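# Observations on chain architecture
Now for the letters of each chain:
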Amino acid sequence: MEKKNLDWEHIGFNYHKTDYRYVAEYKDGVWGEGKLTGEADIVLNECANILQYSQQVFEGLKAYTTADGHIVTFRPDQNAKRMAGSARFMEMPAPSEEMFLEAVDQVVRANAAWVPPYGTGATLYLRPYLFGTNPVIGVKPASEFQFRLFCTPVGPYFRGGAKPLTLCVSDYDRAAPHGTGHVKASLNYAMSLHAYVEAHARGYDENLFLDAASRTMVEETGGANFVFVTKDGELVIPQSDSILPSITRRSLVEVARDYLGLTVTERPVSLAELPYFAEAGLCGTAAVISPVGKVVDHGREICFPSGMEKMGPVLQQVYDLLTGMQMGTVEAPAGWIRTIL
Ligand SMILES: *Cc1c(COP(=O)(O)O)cnc(C)c1O
């Protein structure tokens, strides 16, 4: 199979229209047969629920070319399960795990020429999503839905190594207690855009959102979970019902415990204790771990000892193991790697 002629190292994190995507329709209480299509545009009624009331949930995962030339995905069953949970909360029918995995396999196989070669740092990003399609004007859930999955090659998240980020403590809230913070829905992103644009305009890379009720506890950024390392080399993961359960974070917890023998504590973390940590990072599918060098809280700078040049040593070890598993150079726990080709 001939690869597409792309400058893989420099494609950035942008949408490229690939050859095939998967689509399945839900109607009259049942999912129809899913299929691949070459058509990237979607035609919807003007009153479709997604356009008026934002009934949508999504996932994000990647396909990787391994060192020995296979194409694999990382824990796609976890994405299927999380989408089912998100869909339940949003009053939508979820595709079965089997259907979800079938969509992943079919799209990756059909677009194998778009999967970046090993060693380029680039990967194939997969975006499964589910949304209400039929017209609704009175507020209620849709009765017809589409489950789709498209893919786009994305470049290495950090070219020339991961430079630590500078975050600002946001005056906006990402998620309310008992709200949708734990659900992977586009609506959580829509309301984070203003905060994101403002933070960027002020020179920050990302927002650190606090819990909306007390505004004292660390939640997450717009699209990645936090992980901290204490001066004793212990991993600390902020805990809250309004944090989105990152699969990268859950995976790195297991890797830190079982491969590195580190102590991992999942507990509420207050903003006040940030100055006592040795390392901080953000985790998610896009970058795996992005180091955080500095958090600015209304002019007060909290600088982590790991500095502004590189990732801290403990997070670097976790990062190397996790990316090694994705690239096939480190043996992963059973069931984590799904070989597609
Ligand atoms: C998707 C997402 C993450 C990261 O989850 P992964 O499964 O690791 O990619 C973190 N926070 C939010 C709000 C998200 O939507």
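Our structure's up above, just so we're on the same page.
What comes next is a walk through the structure. (Residues numbered from 1 in each chain as written. Predicted model: local features only at pLDDT ≥ 70, side-chain atom pairs only at ≥ 80, totals over all residues. Heavy atoms only, no water.)

### As for the overall build of the chain
Where we set the bar: Secondary structure elements are defined from DSSP: runs of H or I of at least 4 residues count as helices, runs of E of at least 2 residues count as strands, and each element is numbered from the N terminus. Throughout, the radius of gyration refers to the C-alpha atoms, and the reference size of a globule is 2.2 Å times the residue count to the power 0.38. Three exposure classes are used, based on accessible area relative to the maximum for each residue type with a 1.4 Å probe and protein chains only: buried under 20%, partly exposed in between, and exposed over 50%. Methods summary: accessible areas were calculated by the Shrake-Rupley approach with a probe of 1.4 Å, and residue burial reflects only the protein chains presented.
Regarding its fold elements, the chain presents seven helices and 17 strands. Radius of gyration (C-alpha) of the chain: 20 Å, near the 20 Å computed for a compact globule of 341 residues. Projected onto the principal axes, the alpha-carbon positions of the chain cover approximately 55 × 50 × 35 Å. Within the chain, the proportion of its 341 residues that are buried is 53%. When the accessible area of the chain is evaluated, it comes to approximately 15,300 Å², of which 51% is carbon and sulfur surface.

### Concerning the site of the ligand
The cut-off we apply is this: Whether a residue is near a molecule or strand depends on its heavy atoms: if one lies within 4 Å, it is near. The term polar contact refers here to a pair of N or O atoms within 3.5 Å; inside protein, the definition further demands a hydrogen-donor-capable atom paired with an acceptor-capable atom, and it admits residues adjacent in sequence only when both atoms are side-chain atoms. Under the grouping applied here, Gly and all other residues not named as nonpolar or charged are polar, the nonpolar ones being Ala, Val, Leu, Ile, Met, Phe, Trp, Tyr, Cys and Pro and the charged ones Asp, Glu, Lys and Arg.
Taken together, the neighbourhood of the ligand is formed by 15 residues, with Lys184, Tyr189, Ser246, Thr248 and Thr285 sitting nearest. Contacts to the ligand include serine 246, whose side-chain N or O atom sits 2.5 Å from an oxygen atom. Within the backbone of isoleucine 247, a nitrogen or oxygen atom sits 2.9 Å from an oxygen atom of the ligand. Protein chains bury 96% of the 390 Å² of accessible surface belonging to the ligand in isolation. Each residue belonging to the shell around the ligand can be placed in one class, and the counts come to four nonpolar, seven polar and four charged.

### Quick notes on the packing of aromatic side chains
Counted only if it meets this: Pairing of aromatic rings covers Phe, Tyr and the six-membered ring of Trp, with a centre-to-centre limit of 6.5 Å; geometry is then stacked below 30 degrees between planes, edge-to-face above 60, and tilted otherwise.
Counting across every chain of the model gives 14 aromatic pairs. For the pair tyrosine 22 and phenylalanine 147, a centre-to-centre distance of 5.9 Å together with 65° between the ring planes defines the contact as edge-to-face. Linking tyrosine 22 in strand E1 (residues 21-27) with phenylalanine 147 in strand E8 (residues 145-154), this pair joins segments that are 125 residues apart in sequence. Taken individually, tyrosine 22 and phenylalanine 147 each receive the classification buried, so the pair is uniform in this respect. On the basis of an interplanar angle of 65° and a centroid distance of 5.2 Å, the ring pair of tyrosine 26 and tryptophan 31 is categorised as edge-to-face. Each residue in the set Tyr22, Tyr26, Trp31, Phe100, Phe145 and Phe147 is aromatic and connected to the rest through ring pairs, giving one cluster.

### As for the pairing of strand E13 (residues 264-267)
To keep it simple, the criterion reads: In this analysis, strands are considered paired if DSSP registers two or more bridges between them. Crossovers are marked right-handed if the path from the first strand over the helix to the second runs clockwise, as seen with the strands pointing away from the viewer.
One ladder, built from four bridges, connects strand E12 (residues 235-238) with E13; its direction is parallel. Across the sheet, residue valine 236 finds its bridge partner in E13, namely threonine 265. In this region the chain leaves E12, passes through helix H6 (residues 247-258) and returns to the parallel neighbour E13; the handedness of that crossover is right-handed.

### Focus: H6
Put simply, the rule is: To estimate how far a helix should reach, multiply one less than its number of residues by 1.5 Å.
For H6, with 12 residues, the first-to-last C-alpha span of 16 Å sits near the 16 Å given by 1.5 Å per residue. Residues of H6 that are buried: Ile247, Thr248, Arg249, Ser251, Leu252, Val253, Val255 and Ala256. With a side-chain oxygen positioned 3.2 Å from the backbone nitrogen of threonine 248, the residue opening H6 is serine 246.

### A word on the environment of lysine 294
As a reminder of what qualifies: The contact definition used throughout considers only heavy atoms, calling two residues in contact when any of these lie within 4.5 Å.
Secondary-structure assignment places lysine 294 in strand E15 (residues 288-297). Between the C-alpha atom of lysine 294 and that of serine 186, which follows or precedes it by 108 residues, the distance is 28 Å. Leave out the neighbours within four places in its chain, and lysine 294 touches Leu165, Thr166, Leu167, Glu301, Ile302, Cys303, Phe304 and Met308.

### Overview of the nonpolar core
Stated formally: Only buried residues count toward a nonpolar core, which is a set of Ala, Val, Leu, Ile, Met, Phe, Trp, Tyr and Cys residues joined through side-chain atoms within 4.5 Å.
Grouped together as the largest cluster of nonpolar side chains are 33 residues, with contacts concentrated most on Tyr22, Val57, Val108, Leu126 and Leu130. Of all the secondary structure elements, the ones that give two or more residues to this core are E1, strand E5 (61-65), helix H2 (76-89), helix H3 (97-110), strand E7 (123-132) and E8. Among the nonpolar cores identified, the runner-up in size contains 25 residues, and Val255, Cys283, Ile289 and Val314 belong to it.

### What to know about a nonpolar patch on the surface
Rules: A residue counts toward a patch only above 30% relative accessible area and without a salt bridge, and it is joined to like-charged neighbours within 9 Å or, for Val, Leu, Ile, Met, Phe, Trp and Tyr, to nonpolar neighbours within 5 Å. Salt bridges are defined as contacts in which a side-chain nitrogen from Lys or Arg sits within 4 Å of a carboxyl oxygen from Asp or Glu.
Taken together, Tyr53, Ile137 and Val139 make up a surface patch of nonpolar side chains, about 340 Å² in accessible area. Locating tyrosine 53 in the fold gives a position in helix H1 (residues 49-53).

### Structural notes on the pairing of E15
Most of E15 sits out of view: 10 of its 10 residues are buried. Where strand E14 (residues 277-284) meets E15, five bridges bridge the pair, whose relative direction is antiparallel. Across the sheet, the residue bridging to glycine 284 is valine 288, located in E15. Turn length for the E14-E15 hairpin, with the two strands adjacent in sequence and antiparallel, is three residues. Across four bridges, E15 lies against strand E16 (residues 300-303) in antiparallel orientation.

### Quick notes on the state of the cysteines
When the sulfur atoms of two cysteines share a covalent bond, that bond is a disulfide. As a reminder of what qualifies: Note on terminology: pairs of cysteine sulfur atoms within 2.5 Å are recorded as disulfides.
Tallied over the full model, the rule gives zero disulfides. Cysteine 168 supplies the cysteine sulfur nearest to cysteine 303, a cysteine that is in no disulfide, at a spacing of 14 Å.

### Quick notes on the pattern of salt bridges
Here the structure, examined in full by the defined rule, presents 13 salt bridges. One salt bridge in this structure joins lysine 81 and aspartate 77, with 3.9 Å as the shortest N-O distance. In this pair, lysine 81 and aspartate 77 both sit in helix H2, four residues apart, roughly one turn of the helix. The residue aspartate 105 makes a salt bridge to arginine 338 at a minimum N-O spacing of 2.7 Å. Of this pair, aspartate 105 sits in helix H3 while arginine 338 sits in strand E17 (residues 337-339), placing them 233 residues apart in sequence.

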